[in-house]
Amino acid sequence: MKAVWNGITLAESDDTVVVEGNHYFPAESLNTQYTTFSNHVSRCAWKGEAKYLSLLVNGEMNPDAVWYYPDPLPAAAEIKGRYAFWKGVKVTE
């Protein structure tokens, strides 16, 4: 699987975990040179607290486009250390 935004591959891996239709990529596949801080957080009743990263690619910002669960609840333990994408990021095979 590959996550692409603004012409740049943000993550690529054959080892994704799919939860609720979202591919969660392993941390080592994330191209961190394009991620930047976000203070946004959200909460899921069964996964726990999600934190976010923003993207900065070719001078364009995509706020809060990456999320992850640093300490997921037990029901979502399989996504610990993994990152998912939205806000226009295309995830394809």
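- As recorded in an unreviewed UniProt entry, the chain goes by DUF427 domain-containing protein and comes from Pelomonas candidula.

**Here we look at the overall build of the chain**
At step 1: Each helix and strand counted, the chain has 0 helices and 9 strands in total.
At step 2: Mapped in sequence order, the helices and strands of the chain form the string β-β-β-β-β-β-β-β-β.
At step 3: Radius of gyration (C-alpha) of the chain: 12 Å, near the 12 Å computed for a compact globule of 93 residues.
At step 4: Judged by the C-alpha coordinates and their principal axes, the chain covers about 40 × 30 × 20 Å.
At step 5: Counting across all 93 residues of the chain, residues that qualify as buried make up 44%.

**With respect to the pairing of strand β1 (residues 2-5)**
At step 1: Along β1, the buried face is formed by A3 and W5; none of K2 and V4, which line the opposite face, is buried.
At step 2: Here β1 runs beside strand β2 (residues 8-12); their pairing, made up of 4 bridges, is antiparallel. Within β2, the residue paired with V4 across the bridge is T9.
At step 3: Here β1 folds back onto β2, and the loop between the two strands holds 2 residues, one of which, N6, carries a positive phi near 55°.
At step 4: Sheet analysis places β1 next to strand β9 (residues 90-92), joined by 3 bridges and oriented antiparallel. Pairing of V4 across the sheet is with K90, part of β9.

**Considerations on the environment of T36**
At step 1: Here T36 lies in strand β5 (residues 35-44).
At step 2: The sequence separation of T36 and W67 amounts to 31 residues, and the corresponding C-alpha distance is 12 Å.

**Considering the pattern of salt bridges**
At step 1: For the coordinates displayed, the defined rule picks out 2 salt bridges.
At step 2: Across the pair D15 and R82 runs a salt bridge, and its minimum N-O distance is 3.0 Å. Highlighted residues: D15 in the loop between β2 and β3 (17-19) and R82 in strand β8 (residues 82-85), separated in sequence by 67 residues.
At step 3: Of the residues examined, D15 reaches a relative accessible area of 40% and is grouped as partly exposed.

**Focus: the nonpolar core**
At step 1: With 18 residues, the main nonpolar core has L10, L55, F85 and V89 as its most contacted residues.
At step 2: In this structure V89 touches A3, V4, W5, L10, L55, N62 and A65, once residues within four positions along its chain are discounted.
At step 3: One finds V17, V19, C44 and W67 within the second-largest nonpolar core, a separate group that totals 11 residues.

**Regarding the packing of aromatic side chains**
At step 1: Tallying each qualifying case throughout the model produces 4 aromatic pairs.
At step 2: For the ring pair Y24 and W67, a centre distance of 6.0 Å and an interplane angle of 90° mean the geometry is edge-to-face. In this pair, Y24 sits in strand β4 (residues 22-26) while W67 sits in strand β7 (residues 60-68), placing the two residues 43 residues apart along the sequence.
At step 3: Consider the rings of F25 and F85, whose centres lie 5.6 Å apart with planes at 75°: the pair is edge-to-face. Of this pair, F25 sits in strand β4 while F85 sits in strand β8, placing them 60 residues apart in sequence.

Rules used throughout
Residues numbered from 1 in each chain as written. Predicted model: local features only at pLDDT ≥ 70, side-chain atom pairs only at ≥ 80, totals over all residues. Heavy atoms only, no water. Helix = DSSP H or I, 4+ residues; strand = E, 2+ residues; numbered from the N terminus. Rg over C-alpha atoms; globule rule 2.2 N^0.38 Å. Buried < 20%, exposed > 50% of the residue type's maximum accessible area, 1.4 Å probe, protein only. Pairing = 2+ DSSP bridges. Salt bridge = Lys/Arg side-chain N within 4 Å of Asp/Glu carboxyl O. Core = buried A, V, L, I, M, F, W, Y, C linked by side-chain atoms within 4.5 Å. Contact = heavy atoms within 4.5 Å. Phe/Tyr/Trp six-rings, centres within 6.5 Å; stacked < 30°, edge-to-face > 60°.

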